[in-house]
2 protein chains.
Amino acid sequence: MSEEQKPIASQEPSQGGPAEPSKSALKKKAKEEEKAKKAEERKRKEEEAKAAKAAADSVDVAVGSYGKLPLHQSQDETPKEPLKRLDTVGPNDVGNTVLFRARLANSRQQGNKMLFCELRQGLVSIQGLLALNEATEGRPLVSKQMMKFCAAITLESIVLVEGEIKPVDIEIEATTIKHFEVHISKFWTAIAVNPLPVQISAASHAAVADDASEEAKKAAIGLDTRLNHRVIDLRTATNQAIFRIRSGVKHLFREFLDARGFIEFETPKLQGAMTESGASVFKVTYFDRPAFLAQSPQLAKQMIVAGDFERMYEIGPVFRAENSWGPRHMTEFTGMDIEMAIEHHYHETVTLLEDMLIFVFHGLNKRFGQPGGEIEWVRKQWPSEPFVVPEKAVRLRFSEGIKMLRDAGREIEELEDLSTEDEKTLGRLVKEKYNTDFFVLDKFPLKIRPFYTMPDPNDERYSNSYDFFMRGQEILSGAQRVHDAELLKHRMSLVDPPIDPSIMKDYVNAFEYGAPPHAGAGLGLDRIVQFFLNLPNIRLSTVFPRDPGRIAP
Amino acid sequence: MSEEQKPIASQEPSQGGPAEPSKSALKKKAKEEEKAKKAEERKRKEEEAKAAKAAADSVDVAVGSYGKLPLHQSQDETPKEPLKRLDTVGPNDVGNTVLFRARLANSRQQGNKMLFCELRQGLVSIQGLLALNEATEGRPLVSKQMMKFCAAITLESIVLVEGEIKPVDIEIEATTIKHFEVHISKFWTAIAVNPLPVQISAASHAAVADDASEEAKKAAIGLDTRLNHRVIDLRTATNQAIFRIRSGVKHLFREFLDARGFIEFETPKLQGAMTESGASVFKVTYFDRPAFLAQSPQLAKQMIVAGDFERMYEIGPVFRAENSWGPRHMTEFTGMDIEMAIEHHYHETVTLLEDMLIFVFHGLNKRFGQPGGEIEWVRKQWPSEPFVVPEKAVRLRFSEGIKMLRDAGREIEELEDLSTEDEKTLGRLVKEKYNTDFFVLDKFPLKIRPFYTMPDPNDERYSNSYDFFMRGQEILSGAQRVHDAELLKHRMSLVDPPIDPSIMKDYVNAFEYGAPPHAGAGLGLDRIVQFFLNLPNIRLSTVFPRDPGRIAP
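The model shown is predicted, which means the values in this text are computed figures rather than measured ones.

What counts and how
- Residues numbered from 1 in each chain as written.
- Chains lettered and ligands numbered in written order.
- Predicted model: local features only at pLDDT ≥ 70, side-chain atom pairs only at ≥ 80, totals over all residues.
- Heavy atoms only, no water.
- Least-squares fit on C-alpha atoms with pLDDT ≥ 70 in both.
- Contact = heavy atoms within 4.5 Å.
- Pairing = 2+ DSSP bridges.
- Helix = DSSP H or I, 4+ residues; strand = E, 2+ residues; numbered from the N terminus.
- Axes fitted to C-alpha atoms, helices over the stretch in contact; angles between N-to-C directions.
- Parallel < 35°, antiparallel > 145°, perpendicular 65-115°, else oblique.
- Left-handed = near helix turned anticlockwise from the far one by under 90°.
- Nonpolar A, V, L, I, M, F, W, Y, C, P; charged D, E, K, R; others polar.
- Buried < 20%, exposed > 50% of the residue type's maximum accessible area, 1.4 Å probe, protein only.
- Buried area = accessible area lost by both parts, 1.4 Å probe.
- Polar contact = N/O pair within 3.5 Å; in protein donor to acceptor, adjacent residues only side chain to side chain.
- Salt bridge = Lys/Arg side-chain N within 4 Å of Asp/Glu carboxyl O.

Trainee: Could you give an account of the relation of the copies chain B and chain A, with specific residues and numbers?
Mentor: Rotating chain B by 180 degrees and moving it 0.0 Å along the rotation axis overlays it on chain A with an RMSD of 0.4 Å. Such values leave the two copies arranged in the relation of a two-fold axis. No C-alpha of chain B lies nearer the rotation axis than that of Val284(B), which sits 2.2 Å from it. In this assembly the copies share their binding face: 100% of the residues contributing to the interface of chain B also contribute to that of chain A.

Below is the structure:
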């Protein structure tokens, strides 16, 4: 324990003790008096005991074992043992005295002699027991004053606790550590808080549907409240799990690509000209001229491939000024982009992406899917069926998808984009037929794809482009790109309104200077997390989401 | 070879061949005539041979072995072998016929019977030999037409080459593969280019100093030209090396932190309010209201720690609207940020960061510092002394740094920030004394640090803050943060002009809700790459740099 953490007792110990007894002796009538004396002594001893007890009641035998720590300003640099991490508590700790810091997640007094509390570190929690003991040796001295102090600490305060790890006979239900508890000898508040505006326990319940009962609605915390108090919300086990899983998606993505010779880049988000037609861009005041936020790294990543980095990827923010409030749209999200030279056919890229996602899904299940693991934690709040990963990806042509939907009775055009509803329906049909939550649509109609998409060589209505779906929702869009400058300019001229190649001079030049045939994709990290866990809203998979109505915290 | 890559000969083969000879026979005067006949036959055979030779000169024996490939539109999906990668060429390939794609980096005809060329894939290159051979069996048939076609291909075109790997007796100087060359049998252009505005060979020379000779200046390519034609510039070995090293820095950074329980986050770059006082921010039009680009993830990362993710990091873009054109400033750069709860002292964080950087430096030297490796490539263009990594980081107090500078004759204030010149001088002094290019200054004056910096507990003129330096230039800035809401508000009131806590409500609330003591740092990825390699300008370590004058490509 550091110097600055030396506890300051909340009360000064009371002074003094029992008065020194006076004694009298009688010499006459010894025998009669012997009896009287014994009776008197008995009485006196009783009184002494009574007085001692009264005095003891005001003595604080736990001075120095509790209180509020001063502000931690790194006052003392003498080397100290690291604090105990609860995720390392095991049978070897039994009988050891440990010192650790934790949130006071819960506390409950039982009579005036016992206090049970729940002490939490991230996803792990342990039961603490504070038992009144003012004299018994071999057990920590815990005074009434200490009990009172501890019982009054506001939940979610950060406390520093010392105690002995003990096994328990009956599994503890409330905490994640089931077979051990800590018998507390010291208890300080490191950071005391006032009661929070949102309770962690309430934030740990799922939001309710519109048609839920009034009581359920009252008890539930809506998405807006949750996001307005995101710092508190992040402490729920659900969010502790979601953001570990999210971090895991990125790690698995990179692990797969690194092993295949991809190099990671960061492309600029500030752009002098709009980077793609179509989607709306945010305008930035760039000194004395306008600039824009990149709505994807599309142009930059193709230019990097033209610069002879034949396999590249990037994980970074993507900005879309679309006034879209839907449950899978945000104005800023995290894009995972790849671009690669192809040799014989763009299906080299499609196969690599399919293998990559299957690798990611298996990796997530392995790392976070164990009993009591992160995925289970998320399901407690947001129930869902496990995400079904296929042996090998199911890849359908767009036209086959249209046929399946028409066979199922949906009236849809052959060369139009699918609606969200169509996509979800197709997801269900594919799942029925192939038992997979993950599939690929290949060969989208040319007219619904961006100008830089390579047309199909055999049927000019289609293109060498693809989307990937999880639970019937799109999480990846990609294509073979036009790598020939002349064809690119021709394609730009066909856009309505046509794009003037001179505003994309650097991009067009990259192909004048020679680029290998290449293909790539943009993946939405937030969506992958959302649909893997089947979260009802993409904002739940993003730490501080942004949409047209939300730009804080 | 795919269907679409089936070569189209650039010329139609000429038709026909030598004429069928007519024969005559005389029966009389056999003996005399026998002689004459023999003489005649001899003569005829000579003529036949002459005619055959003439015919052969116009016959293209290499039809189907060269030409321009049609546009690669993924025409054929029949499975094919992957193309050969030059970085895998070794003794086992001798005698094998390989098919690969490469840039034509150089080509030189020797007489009219030989053509030597340099074929490049990223950092690797091999010598190709095309030898005229119109008849000899056991060697590839190479016609004059084919020679002519190949000799005319513009440098930097992408070619598809088939040939046999052969050992050479004398080391080849021009290419990275020294002991083997490829005897070319087939040669197609996949992507033909026009002559480039900037030559790779020229871009591979260092920019010259202001006082260089006129000839040197003419030959050199300036930074602006280089960046204007970045796609071409990226193909130089120097840049192929720099961006591999840059990718390596990130990998090592994450590897170190992942092993220590850090979780990776992405915080929003769009902010509703300015995130810090001081540095200028870019303004964004966010639907009907103003917004700003985050000038660091500072506030968000502290809020994540308050949300019980006790160890977090982020790699992402950082935006600074500073009108600064210096060699180590850009308006957009890549920040590597960490934030972590501390237990006893903020030096836990300083030690972790020191260990991390030493781990990164050693890792870079190990992965990229081998003979012929990336670091050596960079030094060919940008000569530098190896970066000296210490056994253990040298950590000095700011006040010690001031004393060293004063002892060396510099007149500086005790509590003012160091100028760039001071920093560089201190870097030299530290290197002389401790033989290290990497050191730490701890305990900066409080008044020159941001309001969220924790004051020193013993001397109110100083703070629990630190900068890290490479070759005397700052690459990291960090501190223990104020985690107490009251002290934070007090510190905000002392800024000139004071900050109204209500405009940072969510941030201040994070501490009202209780945050553990914590410390962190922001590192500049671009600068780490710049100073590790001692590049003269930070723009050289960034793929598409941004500054007040540059927002493209």
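Next comes the rest of the description.
Trainee: So, the sheet that holds strand 13 (residues 394-397) of chain A: which residues are in play, and what are the values?
Mentor: Residues and elements named next belong to chain A. Taken in spatial order, the eight strands make up an open sheet running 7-11-12-17-16-15-14-13, and their pairing is mixed. This sheet does not close on itself; its edge strands, each paired only once, are strand 7 (263-264) and strand 13. Direction of pairing for strand 14 (residues 438-442) relative to strand 15 (residues 465-470): antiparallel, over a ladder of five bridges. In the sheet register, Val440 faces strand 15, and the bridge partner there is Phe468. Strand contacts of helix 11 (residues 398-407): strand 13 and strand 14, with the helix running at about 85 degrees to strand 13, the strand carrying the most contacts.

Trainee: Describe the packing of helix 8 (residues 298-306) of chain B against helix 14 (residues 505-512) of chain B, with residues and values.
Mentor: All names here are of chain B. At a minimum axis distance of 9 Å, the contact between helix 8 and helix 14 shows a crossing angle of 25 degrees. On the basis of the axis angle, helix 8 is roughly parallel to helix 14. Of the two elements, helix 8 crosses helix 14, and the hand of that crossing is left-handed. Contacts between helix 8 and helix 14 involve Leu299, Gln302, Met303 and Ala306 from the former and Asp506, Tyr507, Ala510 and Phe511 from the latter. Split by residue class, the contact of helix 8 with helix 14 holds six nonpolar, one polar and one charged.

Trainee: Describe in detail the environment of Lys45(B), supporting the description with residues and values.
Mentor: Residues and elements named next belong to chain B. Looking at the secondary structure, you find Lys45 in helix 1 (residues 30-58). In this structure Lys45 comes out as exposed when scored by relative accessible area, which is 55%. It is 97 Å that separates the C-alpha atoms of Lys45 and Asp308, two residues lying 263 residues apart in sequence.

Trainee: Tell me what's going on with the interface of chain B and chain A, and back it up with residues and numbers.
Mentor: Listed per partner, the contact involves 113 residues of chain B and 113 residues of chain A. Here chain B and chain A share an interface that buries about 9,200 Å² over both sides, 57% of which is from carbon and sulfur atoms. When the buried surface of chain B facing chain A is broken down by residue, His344(B), Tyr513(B) and Ile551(B) rank first, second and third, together holding 9% of it. Joining chain B to chain A, the criterion identifies 71 residue pairs in polar contact (both at pLDDT 80 or more). With 10 residues, the top contributor of residues to the side of chain B that touches chain A is helix 7 (residues 237-258) of chain B. Relative to strand 9 (residues 283-286) of chain B, strand 9 (residues 283-286) of chain A is paired through three bridges, and the arrangement is antiparallel. Along strand 9 of chain B, the bridge assignment pairs Thr285(A) with Lys283(B).

Trainee: Mind laying out the pattern of salt bridges, listing which residues take part and the relevant values?
Mentor: Here the structure, examined in full by the defined rule, presents 74 salt bridges over all chains. Its salt-bridge partner being Glu266(A), residue Lys250(B) comes within 2.4 Å of it at the nearest N-O pair. Here Lys250(B), found in helix 7, pairs with Glu266(A), found in the loop between strand 7 and strand 8 (270-271), and the two come from separate chains. Glu266(A) carries the same exposure label as Lys250(B), and that label is buried.

Trainee: Break down the side chain of Ser296(B) for me, citing the residues and quoting the values.
Mentor: When you line up the elements, Ser296(B) lands in the loop between strand 10 (289-293) and helix 8. A distance of 3.0 Å separates a polar side-chain atom of Ser296(B) from the backbone nitrogen of Gln298(B).

That is the geometry; function is a separate question.
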